[in-house]
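# Analysis of the macromolecular model
Chain by chain, the residues:
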Amino acid sequence: MDDLTPGALDLSRYLREGETVVWGQACAEPQTLTERLMQQRADIGHFRCFLGIPATDTVRPDHADRVSFFSYCGSGGNRALHRAGALDILPVPYSGLPGLLTGGDLRADVVLVQLPPPDDHGRYSLGLADDYLNAALRTARVVIAEVNDQVPYTYGSRTLREADLDVVVRTSRPPAELKRTVPDSTTARVAAQVAGLVDDGATLQFGIGGLPETVLGLLADRRDLGIHSGLINDAAMDLIETGVVTGAHKTLDRGRAVGGLLMGTQQLFRFAHRNPAIQLRDTAYTHDPQTLAAQDRLVAINSAIEVDLSGQVNSELAGGRYVGAVGGAADFLRGAARSRGGLPIVALPSTAGPASRIVARLSGPVSTSRSDAGLVVTEYGVADLRGQPLRVRHERMLAITHPDHRAALEAALEEQGAPV
């Protein structure tokens, strides 16, 4: 194992031209390594990078002169890459990412990982993300670790030892943060509708963004909630810290909040440090259909860009731009539908500016099919589409549409010769 200072790291010694590099997404990005990678790209030659959700501006469109970028999402800084024609989108479900990075065309050759210092037994935890990184670590040719003494030591499905690492670079810098969002009044109204569906003892899955955060903030009066999600954020931390989330009634992982990665602020990172109540697990577990189905009363809370009157969901494209992802929504919605007492929820404001987000025809791809439709929630109420024929679905979706758009949607249905 090479033990180097940041300035001595020459990545051209470890990365071959044409290979694929993967690193932890969001707050788990090893920034010293990724910054060095972009700086040294000309010395390496052409190579590929798989990107997750960005929490920094490390990667820019001008880096595409030597690097091909791929991602499953168009969030954050990825939007600038996509607008510049420098990002190829992989429209795959989140549960498919481990297989893609271990045996597909994008098999990870070099993995960059951010780790806390080891424990007294020489074991490194994965810090801020287990997620799909776990799978990539299993098959990578080279593993380069940034050991950062400001990263929390967390518990999960695996640890690493020095024998697993080819290069170690020691740093001390705050990990990237994702700040809390402040909801507008409409978001707060949608969140209130969703929160009203959550009973004591439920296990929660929640997606990214202000709407799921706001829902969590409205659950302070619940008892013995659980968490099994792709991420754990500051709002979830609040519920754990105040005793609302205990996991006491979880079917699996009782007493523990399970997620793939931490996405939040320094406060969350400090809270998660050596905290056995939080478990970070790999995507093969967090998004596994059998695991999700076995978790009783799983409430899956996901958002969307638009939903049509039959329940089809577009969570990828807005205004012709790729801003979202297929992501894990379909995985969790299907899991919640199979969970005993589960609720598969898609929530969104009824409008975006002057446009309705409940539509007769989607303006983008079908990210989640209508066969997986469960409960659709706007500020105007809840449309339960489970087991309903198209005509009833149309009626229920119209009832939760903004009143200013209902007549136009009804006319569009008549023009289509509904039901379709």
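Anything mentioned here points back to the structure above.
Residues numbered from 1 in each chain as written. Predicted model: local features only at pLDDT ≥ 70, side-chain atom pairs only at ≥ 80, totals over all residues. Heavy atoms only, no water.

Moving on: the overall build of the protein. Scanning the protein from terminus to terminus reveals 14 helices and 26 strands. Summarising its shape, the C-alpha atoms of the protein cover approximately 65 × 45 × 35 Å along the three principal directions. In the protein, which comprises 420 residues, the share counted as buried stands at 58%. Residue pairs at least 24 apart in sequence account for 70% of intrachain contacts in the protein once pairs closer than 6 positions are excluded. Just so you have it, the protein exposes about 16300 Å², and 47% of that area is on carbon and sulfur atoms. Across the protein, 41 positive and 49 negative side-chain charges occur, with their mean positions spaced 3 Å apart. (Helix = DSSP H or I, 4+ residues; strand = E, 2+ residues; numbered from the N terminus. Buried < 20%, exposed > 50% of the residue type's maximum accessible area, 1.4 Å probe, protein only. Contact = heavy atoms within 4.5 Å. Areas by Shrake-Rupley, 256 points an atom, 1.4 Å probe, with all protein chains shown as cover. Lys, Arg positive; Asp, Glu negative; His and termini not counted. Charge placed at Lys NZ, Arg CZ, Asp CG, Glu CD.)

With four of five residues buried, strand 3 (residues 47–51) is to be regarded as a mostly interior element. Across three bridges, the pairing between strand 2 (residues 20–23) and strand 3 is parallel. Opposite Thr 20, over in strand 3, you have Arg 48 as the bridge partner. The pairing of strand 3 with strand 4 (residues 67–71) spans five bridges and is classified as parallel. (Pairing = 2+ DSSP bridges.)

Below, the discussion takes up the nonpolar core. Among the nonpolar cores identified, the biggest contains 76 residues, and Phe 50, Tyr 72 and Leu 262 are the most heavily contacted of them. When neighbours within four sequence positions are excluded, Phe 50 is seen to be in contact with Val 21, Val 22, Trp 23, Phe 70, Ser 71, Tyr 72, Leu 90, Leu 97, Leu 101, Leu 106 and Tyr 132. Core analysis: the next-biggest nonpolar cluster, separate from the first, contains 26 residues, Leu 4, Leu 37, Leu 81 and Val 142 among them. (Core = buried A, V, L, I, M, F, W, Y, C linked by side-chain atoms within 4.5 Å.)

Let's shift gears to the sheet that holds strand 8 (residues 155–156). One open sheet accounts for three strands, arranged 8-15-13; its pairing is parallel. Looking along the sheet, the strands with just one partner apiece sit at the ends: strand 8 and strand 13 (257–259). Bridging between strand 13 and strand 15 (residues 278–280) involves three bridges; their strand directions are parallel. The residue bridging Gly 259 from the neighbouring strand is Leu 280, located in strand 15.

What follows deals with empty space enclosed by the protein. Throughout the structure, instances matching the rule amount to five cavities of 30 Å³ or more. Considering the residues around the largest cavity, the lining is formed by 17 residues, among which Trp 23, Glu 29, Leu 51, Pro 54 and Val 59 are closest to the centre. When its residues are assigned to classes, the lining of the largest cavity shows eight nonpolar, seven polar and two charged. (1 Å grid on protein atoms, 1.4 Å probe; cavity = no way out; pocket = protein on both sides within 12 Å on 5 of 7 lines; lining within 4 Å. Points joined across faces, edges and corners; volume = space filled by probe spheres on them. Nonpolar A, V, L, I, M, F, W, Y, C, P; charged D, E, K, R; others polar.)

Position of Ser 315 relative to the elements: it lies in the loop between strand 18 (313–314) and strand 19 (317–318). Among the residues examined, Ser 315 registers a relative accessible area of 12% and is labelled buried. In this structure the side chain of Ser 315 is engaged in a polar contact, spanning 2.8 Å, whose partner is the backbone oxygen of Ala 325. Aside from chain neighbours lying at most four places away, what touches Ser 315 is Ile 305, Gly 324, Ala 325, Val 326 and Ser 367. (Polar contact = N/O pair within 3.5 Å; in protein donor to acceptor, adjacent residues only side chain to side chain.)

Another aspect to go through is the sheet that holds strand 1 (residues 2–4). If you walk across this open sheet you meet the eight strands as 1-9-7-6-2-3-4-5, and the pairing is parallel. For this open sheet the edge positions go to strand 1 and strand 5 (87–89), each flanked by a neighbour on one side alone. Along the sheet, successive strands turn relative to each other by an average axial angle of 25°, direction set aside. Bridge count for strand 4 against strand 5 is three bridges, and the pairing is parallel. Along strand 5, the bridge assignment pairs Ser 71 with Ile 89. Against the sheet, helix 1 (residues 31–39) touches strand 2, strand 3, strand 4, strand 6 (110–115), strand 7 (142–148) and strand 9 (167–171), its axis set at about 125° to strand 7. (Axes fitted to C-alpha atoms, helices over the stretch in contact; angles between N-to-C directions.)

Further remarks concern the layout of surface pockets. Considering only enclosed or pocket space, the largest pocket measures out at about 1100 Å³ in volume. Forming the walls of the largest pocket are 45 residues, and the residues nearest its centre are Ser 75, Gly 207, Ile 208, Gly 209 and Ser 303. Secondary structure elements with two or more residues in the lining of the largest pocket: helix 6 (185–195), strand 10 (203–206), helix 7 (210–217), strand 16 (298–303) and helix 12 (329–338). When residues of the lining of the largest pocket are assigned to their parent elements, the largest contribution, three residues, is made by helix 7. Taken together, the residues of the lining of the largest pocket sort by class into 24 nonpolar, 18 polar and three charged.

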